[in-house]
Amino acid sequence: MTYRWVILIFGMLAYTTSYFARSNHTGIGKLLSADFGIDKGAMGLLGSSFLYSYALSQLPWGVASDRWGSRKAVGIGVFITALTLWGFATSTSFNQLVFWRVANGIAAASVYVVMAGALARWFTPKERGLGQTMFAAVGGTTGEATANVVLPYVAVYIASGWRQSTEVIAGLVAVAA
């Protein structure tokens, strides 16, 4: 196996953490609603606060990647993602949830643009489509499944609620960084 495939595998893992961060509040939405008394509009605000900060932060992460290199930028971003997930799990008010979702969006933005550039450098133009597709499809699908299947399962059957399950996943993300 050549090194570019190793980069792709770690990129997929990193994008899994990013996509999990994007979707984690939806898998535990009913538990969040019960804990904080929030409605669907507030859940939408949690989603959009992540999305806008994610979108605005992609350019700075691209600049960071150019300055520090892809490996360091993604590693720092994934580790900060773990910290923001932990912060989200320890929130005691809706405003804190929103704050941590914004911070989470900033951190999770470290992966996609940086890895798109890295894959473009490591894969030939003929292979680039396959590499990008595997990166986005496998990483995104795995992150979405973790947020909407694994996290609720852990929250209900293993941990004692959404906070502990989010902390467990945050710990795994930190180890992956």
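All residue numbers refer to position in the chain's written sequence, counted from 1. Residues qualify for local features only when their pLDDT is at least 70, as the model is predicted, and side-chain atom pairs are given and counted only at 80 or more; totals for whole chains, interfaces and linings, by contrast, use all residues. Water and hydrogen atoms play no part in the side-chain values, which are based on all heavy atoms of the structure.

Time to look at the overall build of the protein. Along its length, the protein carries eight helices and zero strands. Reading the secondary structure of the protein in the N-to-C direction produces α-α-α-α-α-α-α-α. What you see for the protein is a C-alpha radius of gyration of 16 Å, in line with the 16 Å of a compact globule of 177 residues. Its C-alpha atoms give the protein principal-axis dimensions of roughly 50 × 30 × 25 Å. Remark: exposure states derive from per-residue accessible area (1.4 Å probe, protein chains only) relative to the maximum for the residue type, with buried under 20%, exposed over 50%, and partly exposed in between. Per-residue burial over the protein gives 45% buried out of 177 residues. Within the protein, counting contacts between residues at least 6 apart in sequence, those at least 24 apart form 78% of the total. Secondary structure follows DSSP: runs of H or I at least 4 residues long count as helices, runs of E at least 2 residues long count as strands, and numbering of each begins at the N terminus. Computation of the radius of gyration draws on C-alpha atoms, with the globule rule given as 2.2 Å multiplied by the number of residues to the power 0.38. Throughout, a contact is declared for two residues whenever any of their heavy atoms are within 4.5 Å.

Summarising the element assignment, Ser 57 is placed in helix H3 (residues 40-68). Any N or O atom pair separated by 3.5 Å or less is treated as a polar contact, with the protein-specific requirement of one donor-capable and one acceptor-capable atom, and with residues adjacent in sequence counted only for side-chain atom pairs. For Ser 57, the side chain forms a polar contact with the main-chain oxygen of Ser 53, separated by 2.7 Å.

Turning next to the packing of aromatic side chains. In this analysis, rings of Phe, Tyr and Trp, with Trp reduced to its six-membered ring, are considered paired at centre separations within 6.5 Å, and the interplanar angle assigns stacked below 30 degrees, edge-to-face beyond 60, and tilted for intermediate values. All told, the structure shown has eleven aromatic pairs when counted by the stated rule. Look at Trp 5 and Phe 123: their rings are 5.0 Å apart centre to centre, the planes differ by 90°, and that puts the pair in the edge-to-face class. Taken together, the positions of Trp 5 in helix H1 (residues 3-27) and Phe 123 in the loop between helix H6 (112-122) and helix H7 (125-158) put the pair 118 residues apart, joining distant regions of the chain. The ring of Tyr 54 carries Arg 22 above its face, with NZ or CZ at 4.8 Å from the centroid. By definition, being over a ring means that NZ of Lys or CZ of Arg is both within 6 Å of the ring centre and within 35 degrees of the ring normal.

With that out of the way, let us pick up the packing of H3 against helix H4 (residues 70-89). In the contact formed by H3 and H4, the axes pass within 7 Å of each other and the chain directions differ by 130°. In terms of their interaxial angle, H3 and H4 are classed as oblique. Contacts between H3 and H4 involve Trp 61, Ala 64, Ser 65 and Trp 68 from the former and Ser 70, Lys 72, Ala 73, Ile 76 and Gly 77 from the latter. Throughout this entry, Asp, Glu, Lys and Arg are counted as charged residues, while Ala, Val, Leu, Ile, Met, Phe, Trp, Tyr, Cys and Pro are counted as nonpolar. The remaining residues, Gly among them, count as polar. Per-class residue counts for the contact of H3 with H4 are five nonpolar, three polar and one charged. Inter-axis angles, ranging from 0 to 180 degrees, are taken between N-to-C directions of lines fitted to C-alpha atoms, where helices are fitted over the stretch in contact. Note on angle classes: values under 35 degrees are labelled roughly parallel, values over 145 roughly antiparallel, values of 65 to 115 roughly perpendicular, and the remainder oblique.

Attention now goes to the environment of Gly 69. Within the secondary structure layout, Gly 69 lies in the loop between H3 and H4. Sequence spacing of Gly 69 and Phe 88 is 19 residues, and the spatial spacing of their C-alpha atoms is 28 Å.

What follows deals with the packing of H1 against helix H5 (residues 94-108). Relative orientation of the contacting elements H1 and H5 amounts to 160°, with a least axis distance of 9 Å. Relative to H5, the element H1 lies roughly antiparallel. Crossing of H1 over H5 shows left-handed handedness. Facing Ser 18, Ala 21, Arg 22, Asn 24 and His 25 of H1, the residues of H5 in contact are Arg 101, Asn 104 and Ala 108. Tallied by class, residues from the contact of H1 with H5 come to two nonpolar, four polar and two charged. The handedness criterion is simple: a crossing whose near helix is rotated anticlockwise from the far helix by less than a right angle is left-handed, and one whose near helix is rotated clockwise is right-handed.

Without a salt bridge and with relative accessible area above 30%, a residue can belong to a patch; like charges are then joined within 9 Å and nonpolar side chains (Val, Leu, Ile, Met, Phe, Trp, Tyr) within 5 Å. Throughout, the Shrake-Rupley method with a 1.4 Å probe supplies accessible areas, and for residues the shown protein chains are the sole cover considered. Put simply, a salt bridge is a Lys or Arg side-chain nitrogen that is within 4 Å of an Asp or Glu carboxyl oxygen. Together, Leu 31, Tyr 153, Val 156, Tyr 157 and Ile 158 make up an exposed nonpolar region whose accessible area comes to about 560 Å². For the nonpolar patch, the element with the most residues is H7, which contributes four residues.

So, about the nonpolar core. In this structure, Leu 32, Val 111 and Met 115 are the most contacted members of the largest nonpolar core, which totals 41 residues. Listing elements by their share of this core, those giving two or more residues are H1, helix H2 (29-36), H3, H4, H5, H6, H7 and helix H8 (162-176). Those residues in contact with Met 115 that lie beyond four places of it in its chain are Ile 7, Gly 11, Val 74 and Phe 135. By nonpolar core we mean a set of buried residues, namely Ala, Val, Leu, Ile, Met, Phe, Trp, Tyr and Cys, connected to one another through side-chain atoms within 4.5 Å.

With that settled, consider H2. Among the residues of H2, those classed as buried are Gly 29, Leu 32 and Phe 36. Seen from one end, H2 has its buried residues packed into an arc of 60°, which puts them on one side. Exposed positions of H2 whose direction lies more than 90 degrees from the buried face are Lys 30 and Ala 34. Of the residues trailing H2, Gly 37 is marked for its positive phi of about 65°. The arc in question is the one traced by the directions running from the helix axis out to the C-beta atoms.

Read these as spatial facts, not as claims about activity.
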